[in-house]
Amino acid sequence: MALAEAIRTDRGVLRVDDLARRHGISTRRLQRLFLDHVGVSPKWVIRRYRLQEAIERAGEGPPDWSALAADLGYSDQAHLVRDFTAVTGVSPTAYVRSLH
């Protein structure tokens, strides 16, 4: 649970292998710990917190999606849009429109 908390509190955690290295364990061991104790993979948790932050920022007003994607460690805006749409069922732009 401490590793899941590390993902929640450190928004700089973007990759599973980086988290494993920071905590001195193998990537495979980290994956097993998450599946056993959290019920999902560490990648799933990292993705959810990144998207949660995107949703929070979108709620503050229409963001610059490419800058937001870069801030959250996505390779590009399209990657953020795909992830966002897959999880929420709507595009980021449609989500922002629904808030106002």
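Right above here is the structure, for reference.
Just so it is clear, the structure is predicted and the values come from calculations on it, not from any experiment.

*Asks:* Which residues make up helix H1 (residues 2-9), and what values do they have?
*Replies:* What sets the pattern is the α-helix's 3.6 residues per turn: residues three or four places apart point alike. Considered for burial, the residues of H1 that qualify are Leu 3, Ala 4, Ala 6 and Ile 7. Buried positions in H1, seen along its axis, are confined to an arc of 155° and lie on one side of it. Facing away from the buried surface of H1 by more than 90 degrees, the exposed residues are Ala 2 and Thr 9. Next to the buried residues of H1 lie helix H2 (16-22), helix H3 (27-37) and helix H4 (42-59).

*Asks:* A description of the packing of H4 against helix H7 (residues 92-99) should follow, citing residues and the corresponding values.
*Replies:* Look at H4 against H7: their axes get within 10 Å of each other, and the N-to-C directions meet at 45°. Regarding the angle of H4 to H7, the classification is oblique. Crossing handedness for the pair H4 and H7: right-handed. Together, Ile 55, Ala 58 and Gly 59 of H4 and Tyr 95, Val 96 and Leu 99 of H7 make up the contact between the two elements. Broken down by class, the residue content of the contact of H4 with H7 amounts to five nonpolar, one polar and no charged.

*Asks:* Describe the packing of aromatic side chains, with residues and values.
*Replies:* Following the criterion strictly, the structure yields two aromatic pairs and no others. Ring centres 6.3 Å apart and planes at 70° place the aromatic pair Trp 65 and Phe 84 in the edge-to-face group. With Trp 65 in helix H5 (residues 65-71) and Phe 84 in helix H6 (residues 77-88), this pair connects stretches of sequence that are 19 residues apart. Measuring from centroid to centroid gives 5.7 Å for Phe 84 and Tyr 95, while their planes differ by 65°, and the two rings are edge-to-face.

*Asks:* Which residues make up the side chain of Glu 53, and what are the values?
*Replies:* Here Glu 53 shows up in helix H4. Judged by relative accessible area, which is 12%, Glu 53 ranks as buried. Setting aside anything within four residues of it in sequence, one finds Glu 53 in contact with Arg 11 and Leu 72.

*Asks:* Can you lay out H6 for me, pointing to particular residues and giving the numbers?
*Replies:* For H6, spanning 12 residues, the distance from its first C-alpha to its last is 16 Å, which sits close to the expected 16 Å at 1.5 Å a residue. Among the residues of H6, those classed as buried are Leu 80, Asp 83 and Phe 84. Down the axis, H6 shows its buried residues gathered within 95° of arc, on one side only. Across H6 from its buried face, at more than 90 degrees, point the exposed residues Arg 82 and Ala 86. Against the buried residues of H6 lie H4, H5 and H7. Capping of H6 at its N-terminal end is provided by Asp 76; its side-chain oxygen lies 3.3 Å from the backbone amide nitrogen of Ala 78. Backbone geometry just downstream of H6 places Gly 89 in the positive-phi region, at approximately 85°.

About the thresholds
Residues numbered from 1 in each chain as written. Predicted model: local features only at pLDDT ≥ 70, side-chain atom pairs only at ≥ 80, totals over all residues. Heavy atoms only, no water. Buried < 20%, exposed > 50% of the residue type's maximum accessible area, 1.4 Å probe, protein only. Helix = DSSP H or I, 4+ residues; strand = E, 2+ residues; numbered from the N terminus. Arc of directions from axis to C-beta. Contact = heavy atoms within 4.5 Å. Axes fitted to C-alpha atoms, helices over the stretch in contact; angles between N-to-C directions. Parallel < 35°, antiparallel > 145°, perpendicular 65-115°, else oblique. Left-handed = near helix turned anticlockwise from the far one by under 90°. Nonpolar A, V, L, I, M, F, W, Y, C, P; charged D, E, K, R; others polar. Phe/Tyr/Trp six-rings, centres within 6.5 Å; stacked < 30°, edge-to-face > 60°. Expected span 1.5 Å × (residues − 1). Polar contact = N/O pair within 3.5 Å; in protein donor to acceptor, adjacent residues only side chain to side chain.

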